[in-house]
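Chain residues, written in single-letter form:
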Amino acid sequence: MYTFNRDDYNARTEWFRQARFGMFLHWGLYSIPGRGEWVRSTEQMPEEDYLPFFREFNPVDFDPKAWARLAKDAGMRYAVLTAKHHDGFCLFDSALTDFKSTNTPCGRDLVREFLDAFREAGLKVGLYYSLLDWHHPDYPHYGDQNHPMRNRPECGNENRDFDRYLAYMHGQVRELCENYGKLDLMWFDFSYGDLRGEAWKASELVDMVRSAQPGILIDNRLEASGEGFGSLATGNPTPYHGDFVTPETMIPPYQLMDAQGEPLVWESCITMNNHWGYCPTDRDFKPAPLLIKKLVECVSKGGNMLLNVGPDARGNFPEESVEILRGIGKWMRRNHDSIYGCGTAELPKPEYGRVTRKGNTLYFHMFENTLGPVPLMGVKPEQVQSIRLLADGHEIPVSYSWCRSDYPEIAFADLGPSPILPDETDTVLVVTLKEV
Ligand code: GLC
């Protein structure tokens, strides 16, 4: 039986807390209707109206190496692909179902190709696996909170055997953990109502996952969802506690701590537009500069960002997503030192931006310029070893201008006469502190 050990936990989460930035990929049959991954539920679509997509699915342009290059060039250090979403369609060659990608015209084990390509590109890899399954006959239908047939009395649950569904679900997770090489992350989704914790036989499931994949990180959604932190936050972790908290489509307003005041490991999963799955009518994409600042915000609060792409039915990333990834990558190439391995600075947030920290080095992120010299809040002049512009390494003088003389307790940086920041999205000053 798995029991929590803080030292093991800290060692296991080290790479995740260093990586800070990952790609989420929501892809499957729902990419064909293009109305999001919940389309069967939101439209209460009977299975027979969904099956044509199964008979048609054939992403002829799917090139996982190209996907991996886009993720790597954007500065992402890990990636998570939906192996099975709530619709029950499996992107992998499961022996336990016919509802899988190898039985579509595509005929490919998409999970295996994703894992191979992203590992080869040097990224850590994870799989998203839905605990819900709207295809499986033993999963609750009528009266369930989310099932597409929840309002159909004729879809009653009298003959459904939930234990048989759990055996199927555990069996598929075992397939993923035993047949696809080393997995760095298992991203379960999600618990709701009474379906949480041991209702999923979570202790047994986690024992199996951790035995098959020592060192794997598991998210908190065997006991929570995008809401709720899970038992690790209470200081009394269950055997199926999540290794990290998973706020969704938002960034926590402050650094997350557990009941003992230990920082919680967390990852905000964020869509680029407002859908996880491909949705061509949703053009509300977040611009790269905004997402760069949000990545900085996550890191400044001790967390990660998992940024989602919803590939289309041919296996291509939306053009907007490609452009956004390129914009983020351009900034990351010069400024990733202020992201990877960084965390909270334990300093007051400057009005012009945010601060991240790695040991004795502070990264002051300037989202807007100041009038006059730049106050390095929380840093005394005598503490400063050097100030450099991260993007090109050039020296930034400490300011001794008369106009800051009323604030001798604060170090100021002198960015020179131009009112325009070198990087209008985020100009990063590297402040190295003197060894004390
Ligand atoms: C929510 C959505 C689900 C999505 C997940 C990503 O649970 O319902 O479709 O996969 O968020 O975090």
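Computed from a prediction, not measured in an experiment: that's the story for all the values here.

Engineer: Teacher, can you tell me more about the overall build of the protein here?
Structural biologist: Scanning the protein for helices and strands turns up nine helices and 14 strands. Since a compact globule built from 436 residues should have a radius of gyration of about 22 Å, the 24 Å found for the protein is in line with a globular shape. Along the first, second and third principal axes, the C-alpha atoms of the protein reach 80 × 45 × 40 Å. Classification of the 436 residues of the protein by burial places 58% in the buried group. In the protein, once contacts between residues fewer than 6 apart in sequence are set aside, the share between residues at least 24 apart is 71%. For the protein, the computed accessible surface area is about 17900 Å², with 50% contributed by carbon and sulfur atoms. Charged side chains of the protein number 45 positive and 63 negative; the gap between the two group centres comes to 4 Å.

Engineer: Just checking my understanding: could you explain the site of the ligand for this structure?
Structural biologist: In the vicinity of the ligand lie 14 residues, with His26, Glu37, Trp38, His85 and Glu248 positioned nearest. At 2.6 Å from an oxygen atom of the ligand is found a side-chain nitrogen or oxygen belonging to His26. One of the side-chain nitrogen or oxygen atoms of Arg221 is found 3.3 Å away from an oxygen atom of the ligand. Relative to its unbound accessible area of 310 Å², the ligand is 93% covered by the protein chains. In terms of residue class, the shell around the ligand is built from seven nonpolar, three polar and four charged.

Engineer: In this structure, what is going on with the sheet that holds strand 1 (residues 21-25)? I would like to understand it.
Structural biologist: Hydrogen bonds between backbone groups are what pair the strands of a sheet, and the pairing can be parallel or antiparallel. The seven strands lie next to each other as 5-4-3-2-1-7-6, forming an open sheet whose pairing is parallel. Sheet topology places strand 5 (217-218) and strand 6 (266-270) at the edges, where each strand pairs with a single neighbour. Relative to strand 7 (residues 303-309), strand 6 runs parallel, the two being bridged by five bridges. Across the sheet, residue Cys269 finds its bridge partner in strand 7, namely Leu306.

Engineer: Explanation requested: the nonpolar core in the structure shown.
Structural biologist: If you look at soluble globular proteins, the nonpolar side chains tend to sit buried side by side. Counting 118 residues, the largest nonpolar core has Met23, Val111, Phe118, Val173, Met186 and Phe188 as the members making the most contacts within it. When residues of this core are sorted by domain, at least three fall in each of domain 1 (6-338) and domain 2 (353-433). Leave out the neighbours within four places in its chain, and Phe188 touches Tyr129, Leu131, Val173, Leu205, Val209, Ile218, Asp219, Arg221 and Leu222. By size, the runner-up hydrophobic cluster in this structure holds 19 residues, among which are Ala345, Phe364, Ile396 and Leu433.

Engineer: Mind showing me how you'd approach unusual backbone geometry here?
Structural biologist: Most peptide bonds adopt trans geometry, and most residues besides glycine take a negative phi value. Residue Phe190 is bonded to the preceding Asp189 through a cis peptide linkage, with omega at -10 degrees. Secondary-structure assignment places Phe190 in the loop between strand 4 (185-189) and helix 7 (202-212). At Lys201, a position not held by glycine, the phi torsion is positive, near 55 degrees. The topology assignment puts Lys201 in the loop between strand 4 and helix 7.

Engineer: When you look at the side chain of Ser31 in this model, what are you seeing that I'm missing?
Structural biologist: One can find Ser31 in the loop between strand 1 and helix 2 (39-42). In this view, Ser31 contacts Tyr278, Pro311, Asp312 and Ala313; residues no more than four positions away in its chain are not counted.

Engineer: Teacher, can you tell me more about the pairing of strand 3 (residues 124-130) here?
Structural biologist: In terms of burial, strand 3 is largely enclosed, as six of its seven residues are buried. Regarding the hand of the β-α-β motif, the stretch spanning strand 2 (residues 78-84), helix 5 (residues 110-120) and strand 3 is right-handed. The pairing of strand 3 with strand 4 spans five bridges and is classified as parallel. Following the sheet pairing, Ser130 is matched in strand 4 by Asp189. Following the backbone out of strand 3, through helix 6 (residues 162-179) and into the adjacent parallel strand 4, one traces a crossover that is right-handed.

Engineer: Mind showing me how you'd approach helix 4 (residues 64-73) here?
Structural biologist: For an α-helix, the turn length of 3.6 residues means that residues three or four places apart are oriented alike. Those residues of helix 4 lying buried are Pro64, Trp67, Ala68, Leu70 and Ala71. Across the axial projection of helix 4, the buried residues extend over an arc of 160 degrees, all falling on one side. Buried-residue contacts for helix 4 involve strand 1, helix 5 and helix 9 (319-335). Phi for Gly75, located one or two positions after helix 4, is positive at around 90 degrees.

Engineer: Even after reading the chapter, I still don't get the domain arrangement of the protein, so can you show me in this structure?
Structural biologist: Often, the extent of an interface is quoted as the loss of accessible area upon association of its parts. According to the domain assignment, the protein contains domain 1 (6-338) and domain 2 (353-433). The gap between the C-alpha centroids of domain 1 and domain 2 is 39 Å. Contacts between the two partners involve 13 residues from domain 1 and, on the opposite side, 13 residues from domain 2. Buried surface at the junction of domain 1 and domain 2, both sides included, amounts to about 1200 Å², of which 60% is carbon and sulfur. It is Lys293, Asp337 and Ser338 that lose the most area in domain 1 upon contact with domain 2, and together they represent 38% of the buried surface on that side. Inspection of the domain 1/domain 2 interface yields one salt bridge. Between Arg354 and Glu297 there is a salt bridge; the shortest N-O distance is 3.5 Å. Taken together, the links from domain 1 to domain 2 amount to four residue pairs in polar contact (both at pLDDT 80 or more).

Engineer: What exactly am I supposed to notice about the packing of helix 6 against helix 7 here?
Structural biologist: If you want to describe how two helices pack, look at the angle between their axes and the distance between the axes. Orientation of helix 6 relative to helix 7, taken along the N-to-C sense of each, is 10 degrees, at an axis distance of 9 Å. On the basis of their axis angle, the class for helix 6 and helix 7 is roughly parallel. Counted together, Met169, His170, Val173, Arg174, Cys177 and Glu178 of helix 6 and Glu204, Leu205, Met208, Val209 and Ala212 of helix 7 form the full contact between these two elements. Looking at side-chain class alone, the contact of helix 6 with helix 7 contains seven nonpolar, one polar and three charged residues.

Engineer: For this particular structure, what's the right way to read the side chain of Asp219?
Structural biologist: With respect to the secondary-structure elements, Asp219 resides in the loop between strand 5 and strand 6. The residues contacting Asp219, other than those within four sequence positions of it, are Met186, Trp187, Phe188, Gly242, Asp243, Phe244 and Thr246.

Definitions and cut-offs
Residues numbered from 1 in each chain as written. Predicted model: local features only at pLDDT ≥ 70, side-chain atom pairs only at ≥ 80, totals over all residues. Heavy atoms only, no water. Helix = DSSP H or I, 4+ residues; strand = E, 2+ residues; numbered from the N terminus. Rg over C-alpha atoms; globule rule 2.2 N^0.38 Å. Buried < 20%, exposed > 50% of the residue type's maximum accessible area, 1.4 Å probe, protein only. Contact = heavy atoms within 4.5 Å. Areas by Shrake-Rupley, 256 points an atom, 1.4 Å probe, with all protein chains shown as cover. Lys, Arg positive; Asp, Glu negative; His and termini not counted. Charge placed at Lys NZ, Arg CZ, Asp CG, Glu CD. Near = heavy atom within 4 Å. Polar contact = N/O pair within 3.5 Å; in protein donor to acceptor, adjacent residues only side chain to side chain. Nonpolar A, V, L, I, M, F, W, Y, C, P; charged D, E, K, R; others polar. Pairing = 2+ DSSP bridges. Core = buried A, V, L, I, M, F, W, Y, C linked by side-chain atoms within 4.5 Å. Domains from an automatic or database assignment. Right-handed = clockwise from strand over helix to strand, strands pointing away. Arc of directions from axis to C-beta. Buried area = accessible area lost by both parts, 1.4 Å probe. Salt bridge = Lys/Arg side-chain N within 4 Å of Asp/Glu carboxyl O. Axes fitted to C-alpha atoms, helices over the stretch in contact; angles between N-to-C directions. Parallel < 35°, antiparallel > 145°, perpendicular 65-115°, else oblique.

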